[in-house]
Amino acid sequence: FGIHALLVVTLTLSPVTASARSENDVTREDAYPPLWDLAPENLLDFPVKDNKIVISAWNYQERLGVYKSLLKASAKYFGAFGPQNSGNILWGLPLQHGWQFRTGRLADPSGVTSCGYENGEHLCQSVRSWWSCMNYYLSIIPFLGAVEAGLFGQLPNEIEILSPEEQKDDFCYSVKDCCLCPFCSLLLQYLLSTEGKAVSSATFSFKLDDALGLMWKAHTTSIAYGLPKCQDRLKYLSDPEANFGKDWANAVDFIGATHFRTDLPTTNKFQAFLPQRMLVEGDVLPSISDFSPQQNKVLVSMRALHKANKLTGGLLLKLWQKVMSTEAGREIGRKLIEGLTSS
């Protein structure tokens with residue numbers, strides 16, 4: 001049962017057969033997160049106060065700008081993998097953030113404030129939101145790691161990350177305070193180390209599988225670190241949404257073990273199967289009427305996968321990671337999935 005659920009969720013969420021990346025897919029306006037064009041793309045586009053670059057991590061547009069600056073700074077490494085930086089494996093991060101914003105998952109779920117709502121502070125990200133809390137560890141932490149790794153070169157100013165108005169101790173705001181930063185800088189350190197091996201000024205010598213492995217390692221470690229920090233926020237969510245959040249966090253471990261490709265077109269195809277609104281009381285799987293059959297199937301599969309992994313005490317994940325522990329194993333896994341999707 002557990003292995004069947006694992007194959008179903010991996011099959012459904014990993015569109016490995018969709019390898020063709022047309023330029024039209026890249027230039028579609030809806031291919032990018034909401035308000036992408038308005039987000040800062042250089043660190044010097046952020047406000048400077050008291051000789052510090054000040055970033056509000058609780059403003060959607062500024063957190064999106066953190067992602068945009070990461071993508072721009074790392075673009076030269078991924079030029080060979082798709083036009084207009086579409087092959088950059090960091091795209092998965094802002095696209096997930098955009099999905100969370102678009103579906104209302106970053107707004108105040110307690111209803112106490114107007115943070116995140118269209119009739120209130122639309123760009124506000126609530127510190128009470130479980131999704132916003134978790135995303136902090138997938139945005140600000142990798143960003144601080146990138147600063148530490150030297151991705152942005154020598155900056156003229158220090159970085160200051162503004163803290164939220166409440167629950168400040170759940171987060172860190174500088175490299176020295178954040179134990180995850182050195183770990184999250186490994187991917188960037190790896191990319192920077194390839195500059196000496198560059199075939200030309202525009203072509204860098206590295207294995208995409210290695211880069212994906214480092215990215216997913218940092219990603220899953222950040223989620224594991226953030227889960228207990230954000231745990232209390234689950235109480236604000238409906239039971240179906242809280243369960244989905246926990247199922248999502250569990251599924252990421254399984255998807256990451258395959259070194260799933262997180263470029264622009266592939267992530268967009270992946271996200272089409274995620275729920276396009278918050279789950280509410282009364283949503284019963286697998287028959288949520290305003291969800292597509294595929295979206296219902298994904299939610300059922302993620303639920304089953306999480307339950308199976310819990311029942312086995314995490315053995316299912318360990319087994320999957322063992323199978324996926326070699327490049328040959330991951331290739332076999334992807335070919336198996338491709339065969340299933342084409343049948």
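Look up: the structure comes first, before these words.
Residues numbered from 1 in each chain as written. Predicted model: local features only at pLDDT ≥ 70, side-chain atom pairs only at ≥ 80, totals over all residues. Heavy atoms only, no water.

### Some remarks on unusual backbone geometry
This is how it is decided: Secondary structure follows DSSP: runs of H or I at least 4 residues long count as helices, runs of E at least 2 residues long count as strands, and numbering of each begins at the N terminus. Burial classes: relative accessible area under 20% of the type maximum marks a residue as buried, over 50% as exposed, and values in between as partly exposed (1.4 Å probe, protein chains only).
For the bond running from L285 to P286, omega is 5 degrees, close enough to zero to count as cis. By secondary structure assignment, the location of P286 is in the loop between α11 (264–271) and α12 (293–311). Backbone geometry places Q84, a non-glycine residue, at a positive phi of 55 degrees. Tracing the sequence through the fold places Q84 in the loop between α3 (60–74) and α4 (92–102). You will see that Q167, though not glycine, has its phi angle at about 55 degrees, which is positive. Residue class for Q167 comes out partly exposed when judged on its relative accessible area of 31%.

### Here we look at the nonpolar core
Under the convention used in this document: Within this scheme, the nonpolar core is defined by two criteria: the residues are buried Ala, Val, Leu, Ile, Met, Phe, Trp, Tyr or Cys, and they are joined through side-chain atoms within 4.5 Å. The split of the chain into domains comes from an automatic or database domain assignment. We call two residues in contact when some of their heavy atoms are within 4.5 Å.
If you look at the biggest cluster of nonpolar residues, it comprises 84 residues, and the most contacted ones within it are Y136, I141, F143, I161, F206 and W248. For this core, the leading source of residues is helix α9 (residues 208–230), giving eight residues. Looking at this core, you find at least three residues from each of domain 1 (30–194 + 205–236) and domain 2 (242–342). F206 has contacts with Y77, F78, F81, Y190, L191, T194 and A211, leaving out every residue within four places of it along the chain. Grouped together as the second largest cluster of nonpolar side chains are eight residues, A257, L316, L317 and W320 included.

### Considerations on the pairing of strand β3 (residues 158–162)
Formally: If DSSP finds at least two bridges between two strands, the strands pair.
Side chains of β3 alternate between two faces, with I159 and I161 buried and E158, E160 and L162 left unburied. Across five bridges, the pairing between strand β2 (residues 52–56) and β3 is parallel. The residue bridging K52 from the neighbouring strand is E158, located in β3.

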